[in-house]
Each structure stands twice: as C-alpha cells, then as structure tokens.
Amino acid sequence: MSERDVTQDLRVPWEEDPGELYEHAPCGYLTTTPDGTIVKVNETFLAWTGYVRTELIGRRRFRDLLSSGGQIYHETHYAPLLRMQADVHEVAFDLICADGRRLPTLVNSTLSRDADGLPRLIRTTIFNATERRGYERELLAARRAAEDSERRVRVLQEIVADLAAAPTETEVAQALVRAPGPAFGATSAGVWVSGTAGDDLTAVSAIDPGVTAAAAAEVARRGVLRVIADPAEAGAEPDGLGDAMRAAGRTLVVLLPLTAGPAGDGIEVRGVLAFSFTEPRVLNDGELRVVRLLGQQGGQALDRARLYDAVRLREQRATFLAGVTREMDEENRLTARAHRLVERLVPEIAEWASVRLQIGGPPGLLAEAGGPAPDPELIAAQIEGVTTSGEALWPAADADADGIAVLPLTTRGRVLGTLALRMEGARRALAESGFLTALAARAALALENARLYEQERAVARTLQRSLLAGTAPQDPRFVVETHYHAGAQGLEVGGDWFDSFMVSPDKLVVAVGDVVGRGIDAAATMGQLRSAIRAVASAEAGPAKVLKKLDRFVDRVIQARMATVAYCEINLATNVLTYACAGHLPPLVHEPASPARYLMGARSAPLGSRAGKRERIEEKVKLASGTRLLLYTDGLVERRNRPIDRGLDTMAREWARRRDAPTAGLAAGFADLMVGSDHTDDVCLLCLTLGTDERLERSIGADPMQIALLRKEMRGWLVSHGLPEESVQGVLLACSEAVANAIEHGYRDDPFGRVEVSATISDDAVEVVVADRGVWRPARTDVARGRGLQLIRQVMDHVSFDRSNGTVVTMRRSRRDDS
C-alpha cells in the first residue's frame, strides 16, 4: 500500500491568489522575448526601480535597464551563456532606476524553447542586493585594511631589522628614510639627527623638499608628532612649512620625533623623521600608531648607534694613544719625539698641531705639522697664558671658527711645554677634551723621559770620554788616528778604550782593550785599567812584562778580571813592533806593496783568567816605513748572524782598499763602513801610520774661513817631510791664493760648492793641485785683488790651468835647493 501524500492535508487558512503572489513576490519578475524586449513585469520590480509598467512593456529591453558596464557584460557573457545552457544564475548587475540611481541586483534567468527547439521567451527573477553589496564592500574594506596593516607590519619588521643591523647614525638614518615609501606610500622623506648635547639638529640623510629645518627643530623641541594635511594649516607658523609645502606640491606632511620611548615629558628626542605626500592622503588611527612605533624604533636605533659610536671611538682613541706612545718611545731624542707626535696628530686628529717646549731643550723648541697655522700673535698669547696657569685653554662652545685648543704638557708638577691643536669646529674640540687631555699627559711623560735621557746620556758620554785617552802624541815619524763609536744601547756606557803615549823619545806605546760588562762600573774599571797600563809601562819592560803586572793588578780589582788588551810598542828608530795580546783580537798590519795581514802570534788568555794559556809572551815584527797598524775592539767585526772569521776577512779586505786614503778621518770612516749607525756594541779603533803620508787630500767648502784651517794642516804635513821654512811658506802662499781664486771666481754665487786640494811630495818636488767645478767669473771691481796669479808664479816653479770642467790649477815647486 503506497504512502499517503501528507502535503495534501496542509492548507493555509486563506486562499492564495496566484496573480497577487506574482505581483508582490519578494523578488522582481520579468518576462522577455528572446531579444530581451520586456513583455511582462511584476509590481515588486516596478516598486524597486520606480518605473511605470507602460514605460517598460513592449518599449524597453532588459539590457537597456543596465549600467554601461552591465550592458557590455550582458552582451559578452550573460546572453551567450543563456543561449548555450538555457539558464544563468546569480549574475550581479546594477539596474538604472527611473530616477537615475543604481540598484545592485542578483539576476537569474531561464530560456524557454518551443517544440522545434527555438527560443520562445526568457523568464528572469531579480533580487535586491543592496544590503549584500554593502556587506561585501565592508568585507573588502576590512580585507584591504588587513592587507595594508600586514604590509605595514611587514615593512616595519624589515625596517626594525635594518635598524638593528645599522651600526652608525648615518646607516640608521638611511634605513629610516627608506621606510615611509613602502609603509605609507610617501613621496619623499628626510632625517634630522640631534647633537649629543641635544642642542642642534643636523640633516644626515635625504632632505624632504616639503619640510623646513625650522619645522623639524620645533618638533624636536616639543617631542610631539605633527601631521599637516593642508598648507594653509601651517601658513600661520613662522617656520615656513606652509610655503615649503606649496612650493614642493605637498598635500600632507608628517613630522615624527625619534624617541627612545613614548613621546612625552622627560623623553629625549634623538632626531626627526619627516615624510610627505603629493596625492591627497589621510592617515587613519592604525597608520598613526605604526608611525609612532616607527619613531620609537628609530630613536632606540639612534641610541644604540651612538653607544656603538662612543665605544668604537674610545677603542680608536685608545689604539691611537697606544700607537703614539709606542712610536714616540721608538725615538730617543727629544726633538725627534716632538716631531713624531705632531706628525701623528695631523691629519687624523687635527688640521694643525704644534709642540713648544719651554724647558729641557732649545728655548722655544718647535715641532709643527699641518696648516694653515693660526695667527702667530694669538697663539703666542694663548701659549703664554697656558704656560703660566698650567690650565688647558679650550675654544668657546659657540665659536663658529675652527676650534683651537692649547694644552699644557705637565709632568712632575711643572709645565714642560704646550701642545696646540686646531680642529674642525669648536664643538669637536670640546667633545674630544677628555681624549686630548690624556694625549697631552702621555706626550708630556714621553717628552720628559726623552729630556732626561738626553741629559743622562750627555753625562754618561762625558764621563766615558773623560776616561778615554787624551790627545795622541805628536811626532813627525808617525801619525795616530783614533775613533770611538758608541753603541745604540741607551744610557749604558761601555768598557772599550784606547791609549797611546811615549815611554821614551824613540818608543811609542799603543794599546786597545775591552772591559767585561757595561755601565758606570765598567767605565770606571776601564779608566783604572788604562791608568794602570801607563803606570807599569816603561822603555825596558816590554809587552809581556806589562801584561804580567796587569795580572797582579786585576787580582786586586775584581771588576777588571777577564778584560782583554792588545799592547804594542814601536821603536821609532828601527821601526820594530813588539806586541802581545791578552785575549784580544789580533792587530791588523798593512805594509806598502803587501797584502793586509793579522799578527796572530804572542797570544794568551785575558787578564786574570784562571783558564787557558796564562803565560805572557811577546813577538817582534820589523815594519816598513808607511806601514799602517790597526788596533780595534770586537764590536768592529763580531755579528750574531755571521762567523767571526768572515768578519775578520771582510775587515782585512776593506782595510787594504783604503791603503792610500788620508790618515785624517780614516778611523771614523772605517768604523762607519764596518758597523753603520745602528750597531748595538761600542767600537774603539786606533790607527797608527809609521812615517808621514806622501799624499795630502782635503775637500773644503766655498768659505774663505776654511783657508786658515787648510794652511795649518798643510804646514804640519810639509814640516813633517823636512821642508825648509822658505819652501813651506812658498807652497802655503801658492795654495792659499789658488783656493781663494776658486772660491771667488768659481763659487761666487754657490756657497755650497766644494774645493778639492791634493798635495804630493817626492824627493824631487812638491806638487799641489786645486780643483773646483764652478763656472769661472771675472773678478769683482769692488774687491782689491788681482795679484794672486802673479804671486803663485813667483813662488812656484811650474803653474798650469785646465778649465775644461771647472778649473784645475796644478802647481809644482822643486826641492833641488832644499838643504
């Protein structure tokens, strides 16, 4: 049995009129022909649109009631879909009502066909979508707001990351400038940063053309966000913001204070971020919250950057102080340290720097670097004031010119001098005051140490030289040349020494020794040992006996034990050398026409030694006239990086090369060649030449005062060769006149010219050559000269001139009549 249809029992209490139901349905009904002509419409549709039925039926098509966009969509999508699938559902159209307003609708249509399948009519239902459209708009607005908020948060996160990674103020400012564009769509932006004292504002990144510095400074002073949406709104303000907005075409300007916390009283403003818009723009509350959050993040980033900059600056300054101190300590001399100081200060710290010392050095010693220098009278007055008061002089905080700071160099309660600096800007000098004070303190200590070093070094050197031998004996049968080369060991004096003296009219003693150790004790011991040698030496003793007596001496003077000595006696009548070496390096002999050789005999242990060969022996050697003997200490040949044999070979080879060199200056020049200027050990040299030099060579400056010194030296040389007084006077007169002519005619305008003089003597004649490299000029009319050449020809037998390269005068005087 089939179930009964219960719907047949459901009856409403009233009868529904189908016509009423059609006309007043909750939706609009339209019936149109296949081309869209309206043939039937219900009352609901007419009520919604305001049309009269007669205006529509047979007169209008459905698409005629649509907006322009709707008509296009009807033609391109709606109608084709309807023909293909016979129905279309929920298509959104805006209907144009009779009064011109738009009615949002949702349209459903079905296409009815006849028995042949041809389109017969279209039935359409229309629902009012006004409220739905409003909901959709609200949803879209909320979605866009959420997307904008998400985008701003994302941009803010990126900015915060950039700010966290920015180590300097400039990089923080650059990150802030990049934020307003992607976050708010701003056209341009700029950042101003306040000084460390908060009293000034400096643009450190791009400048927004719609903002003035005065407006930014006012926001920094107040610490409150300022948003100007109309140039007229800012027109009454004296900061010129309104004019700047109009000139740049800005419609909205935002001035954001950069603070480390929420804006308000007691919060220090680190800077101002300004950004502006060219299009009309309104910032909502959410955007303003993000703006304020950006200001806090920016302020905190600037705080971190300043702390980082301060730490980095302290590290740099500490490194600089350590470096300056180290470099100054590398120089031992006071003047060199002062120059090293100012050279490091410029340009890293200052544009100009000078050090003036009032005590401990030459009066007013000045080391200066950089420029241009300040006004001399002004800086002199400032230095005098600082020297008197002992207080640093700083520039005024509001000074517009370069900041000049003058600091006292104070040590041990007194002002050694002053350090003056010119820096770019007075505020920078004030900001660096702590560093500059520490620098002046270190510089003062380094300069004071150098002053004390030079003072004590001078005392030590004076003591050591006072303990060395005095003037060598003078005798035409020999020439003694000595040289002492101090090692680079600071204040410590050494125990190296030399001596030469006559023990009889025909016997000369020369000796060189080295006492163990350094310092005052070694120098004093050296003086005692040298005095002991003089006390025990005699014409009859001989080197071996002298060394034996010195052994007994060192038994009483313990500090002299293990001292080394090379002791030589020369019989000037026979040219016989008797020598002995107590642990000392062998003498070096170079005879004429023979190679240089070492005297390796007569060797024994150092003085007072308990080991080794203690027997004192001596040996004799016959030397030819013109032989050169070199005594020296170990500093001349010993090096850590080479065997001593190589040093001895090098010394013998170089000594042989100087066989014909003048005796004067030979020892000093040879020491410089062998050890240089930075050797750490002391060196003593004693050079003995038996017989006088056959050749005299001198180079003098183009100064007439040098002629007298040349005459004195040449006289001694001529006399040592036994020339009679008349010949000596003639040669001296000719040489003096030739040198005077070279200075007057060849170097009249060249005070740095050199005149070369050489003289040779033989059994037949004396020859003198005077040469210059100047350009010959006639004698001046205001000088009463002109007889020089005549005098030369009168006293010399032969005179010749060569002016091919400068002027060379060759003069010769015969010795035939010398008797």
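To be clear, the structure that these remarks concern was listed above.
We now turn to the structure provided with this report. Along each chain, residue indices are assigned from 1 in the same order as the chain's sequence is written. Only residues with pLDDT of at least 70 get local features here, since the model is predicted, and only at 80 or more are side-chain atom pairs given and counted; chain-wide, interface and lining totals rely on the full set of residues. For side-chain calculations, the full set of non-hydrogen atoms in the structure is used, while hydrogens and water are omitted.

All right, on to the packing of helix H21 (residues 725-746) against helix H22 (residues 788-795) then. With their axes 9 Å apart at the nearest point, H21 and H22 run at an angle of 150 degrees to one another. With respect to each other, H21 and H22 are oriented roughly antiparallel. Like other packed secondary-structure pairs, H21 and H22 cross with a definite hand, here left-handed. From H21, Gly730, Leu733, Ala734, Glu737, Ala738 and Asn741 reach across to H22, where they touch Gly788, Leu789, Leu791, Ile792 and Val795. Here the residues of the contact of H21 with H22 sort into seven nonpolar, three polar and one charged. Here, axes are lines fitted to C-alpha atoms. For helices the fit covers the stretch in contact, and angles between N-to-C directions go from 0 to 180 degrees. Per the convention used, a helix needs a DSSP run of H or I reaching at least four residues, while a strand needs a run of E reaching at least two, with both numbered from the N terminus. Just so you know how the angles are binned, under 35 degrees is roughly parallel, over 145 roughly antiparallel, 65 to 115 roughly perpendicular, and the rest oblique. Each crossing gets its hand from how the near helix is turned against the far one by less than a right angle, where anticlockwise is left-handed and clockwise is right-handed. Whether two residues are in contact is decided by their heavy atoms: any pair within 4.5 Å suffices. Residue type decides the class: Asp, Glu, Lys and Arg count as charged, Ala, Val, Leu, Ile, Met, Phe, Trp, Tyr, Cys and Pro as nonpolar, and the leftover types, Gly among them, as polar.

Structurally, Glu694 is set in the loop between strand S25 (683-690) and strand S26 (695-701). Sequence separation of Glu694 and His721 is 27 residues, and the distance between their C-alpha atoms is 8.5 Å. Sequence-distant contacts of Glu694, defined by excluding residues within four places in its chain, comprise Trp717, His721, Ala759, Thr760 and Ile761.

A residue counts toward a patch only above 30% relative accessible area and without a salt bridge, and it is joined to like-charged neighbours within 9 Å or, for Val, Leu, Ile, Met, Phe, Trp and Tyr, to nonpolar neighbours within 5 Å. Areas reported here follow the Shrake-Rupley algorithm with a probe of radius 1.4 Å; residue values treat only the protein chains shown as occluding. Salt bridge, as used here, is a side-chain nitrogen of Lys or Arg placed within 4 Å of a carboxyl oxygen of Asp or Glu. Working convention for charge: Lys and Arg count positive, Asp and Glu count negative, and His plus the chain ends are omitted. The atom standing in for a charge is NZ when the residue is Lys, CZ when it is Arg, CG when it is Asp and CD when it is Glu. Residues Lys545, Lys548, Lys549, Arg552 and Arg556 make up a contiguous surface patch of positive charge. Tracing the backbone through its elements, the reader meets Lys549 in helix H17 (residues 543-556). Under the relative-accessibility criterion, Lys549 is labelled partly exposed at 33%. The buried label applies to any residue whose accessible area, calculated with a 1.4 Å probe on protein chains only, is under 20% of its type's maximum; exposed applies above 50%, and partly exposed to all values in between.

Classification of ring pairs uses Phe, Tyr and Trp, with its six-membered ring standing for Trp, and accepts pairs whose centres are within 6.5 Å; under 30 degrees between planes counts as stacked, over 60 as edge-to-face, and the remaining range as tilted. This model, assessed by the stated rule, comprises nine aromatic pairs. With centroids separated by 5.6 Å and ring planes inclined at 80 degrees, the aromatic side chains of Tyr78 and Phe93 adopt a geometry described as edge-to-face. Linking Tyr78 in helix H4 (residues 68-85) with Phe93 in strand S3 (residues 87-96), this pair joins segments that are 15 residues apart in sequence. Using a relative accessible area of 4% as the deciding quantity, one classes Tyr78 as buried. Here the aromatic rings of Phe320 and Phe435 are separated by 5.9 Å at their centres, their planes lie at 65 degrees, and the arrangement is edge-to-face.

What follows covers the pairing of strand S15 (residues 478-485). Consecutive side chains of a regular strand alternate in pointing toward one face of the sheet and then the other. Across the eight residues of S15, six count as buried, placing the element largely inside the fold. Note that S15 and S25 share eight bridges and pair antiparallel. Counterpart to Val479 in the pairing with S25 is Thr689. Strand pairing is defined by DSSP finding a minimum of two bridges between the two strands.

Attention shifts here to the pattern of salt bridges. Per the counting criterion, the structure on display carries 38 salt bridges. With its nearest N and O atoms 3.0 Å apart, the salt bridge here joins Asp99 to Arg101. Judged by relative accessible area, which is 57%, Asp99 ranks as exposed. Of the charged contacts in the structure, one is a salt bridge between Arg222 and Glu218, with a shortest N-O distance of 2.6 Å. Residue Arg222 and its partner Glu218 are located together in helix H8 (residues 213-222), separated by four residues, close to a single helical turn. When its relative accessible area of 23% is taken as the criterion, Glu218 is described as partly exposed. Members of the salt-bridge network, linked through shared partners, are Glu327, Glu330, Glu331, Arg340, Arg344 and Glu348.

Any two packed helices are characterised by how steeply their axes cross, that is the angle between the axes, and by the distance between the axes. Interaxial distance between helix H5 (residues 130-165) and helix H6 (residues 169-177) falls to 9 Å at its minimum, and their mutual angle equals 170 degrees. Between H5 and H6, the angle falls in the class roughly antiparallel. Contacts from Ile159, Asp162 and Leu163 in H5 reach Val172, Ala175 and Leu176 in H6. By residue class, the composition of the contact of H5 with H6 is five nonpolar, no polar and one charged.

Within a sheet, adjacent strands bond to each other through the backbone by hydrogen bonds, running parallel or antiparallel. Taken in spatial order, the five strands of this open sheet run S26-S27-S28-S30-S29, and their pairing is antiparallel. Of all the strands in the sheet, the pair left with one neighbour each is S26 and strand S29 (798-802). Taken over all neighbouring pairs, the strand axes of this sheet differ in orientation by 10 degrees on average, direction set aside. Seen against the sheet, H22 touches S29 and strand S30 (807-814) and runs at an angle of roughly 135 degrees to S29.

Once that is clear, we can look at empty space enclosed by the protein. In this analysis the probe radius is 1.4 Å and the grid spacing 1 Å, with only protein atoms considered; a cavity is a set of points the probe fits into but cannot get out of, a pocket is an open set with protein on both sides within 12 Å along at least five of seven lines, and lining residues have an atom within 4 Å of a point. Grid points are joined across faces, edges and corners, and a volume is the space filled by probe spheres set on the points. Applying the stated criterion across every chain, the model contains one cavity of 30 Å³ or more. Put simply, the largest cavity is a space of about 80 Å³. Where the lining of the largest cavity is concerned, the elements lending two or more residues are H21, strand S28 (765-772), H22 and S30. Ranked by residue count, the leading element in the lining of the largest cavity is H21, at three residues. Here the lining of the largest cavity is composed, by residue class, of eight nonpolar, two polar and one charged.

As a further point, take the environment of Gly390. Of note, Gly390 is situated in the loop between helix H13 (376-389) and strand S13 (403-411). Here the alpha-carbon distance between Gly390 and Gly417, two residues 27 residues apart in the chain, equals 9.6 Å. Filtering out sequence-adjacent residues up to four positions away, Gly390 remains in contact with Pro408 and Val415.

Counting through the fold element by element, Thr49 comes out in helix H2 (residues 43-49). Setting aside chain neighbours within four positions, we find Thr49 in contact with Leu95, Cys97, Ala98 and Leu103.

That bond from Val346 to Pro347 is cis: its omega, 0 degrees, falls within 30 degrees of zero. Of note, Pro347 is situated in the loop between helix H12 (334-345) and strand S11 (352-357). In this chain, Gly371 is followed by Pro372 through a cis amide linkage whose omega measures -5 degrees. Of note in this structure, Met562 is not a glycine but carries a positive phi near 70 degrees.

If you walk across this open sheet you meet the five strands as S2-S1-S5-S4-S3, and the pairing is antiparallel. Each edge of the sheet is formed by a strand with only one pairing partner; in this case those strands are strand S2 (38-41) and S3. On average, each strand axis in the sheet is inclined to that of its neighbour by 30 degrees, with strand direction left out of account. Bridge count between S3 and strand S4 (residues 102-113): eight bridges; the pairing is antiparallel. By the bridge assignment for S4, Ala92 is matched with Leu106.

This part takes up helix H18 (residues 644-657). Take the number of residues in a helix, subtract one, and multiply by 1.5 Å to get its expected span. Counted at 1.5 Å a residue, the expected span for H18 with its 14 residues is 20 Å, and the 20 Å between its end C-alpha atoms agrees. Taken as a whole, H18 has its buried residues at Gly647, Leu648, Thr650, Met651, Ala652, Glu654 and Trp655. Buried residues belonging to H18 abut strand S20 (588-590), strand S21 (597-598), strand S24 (628-632), helix H19 (666-675) and S25.

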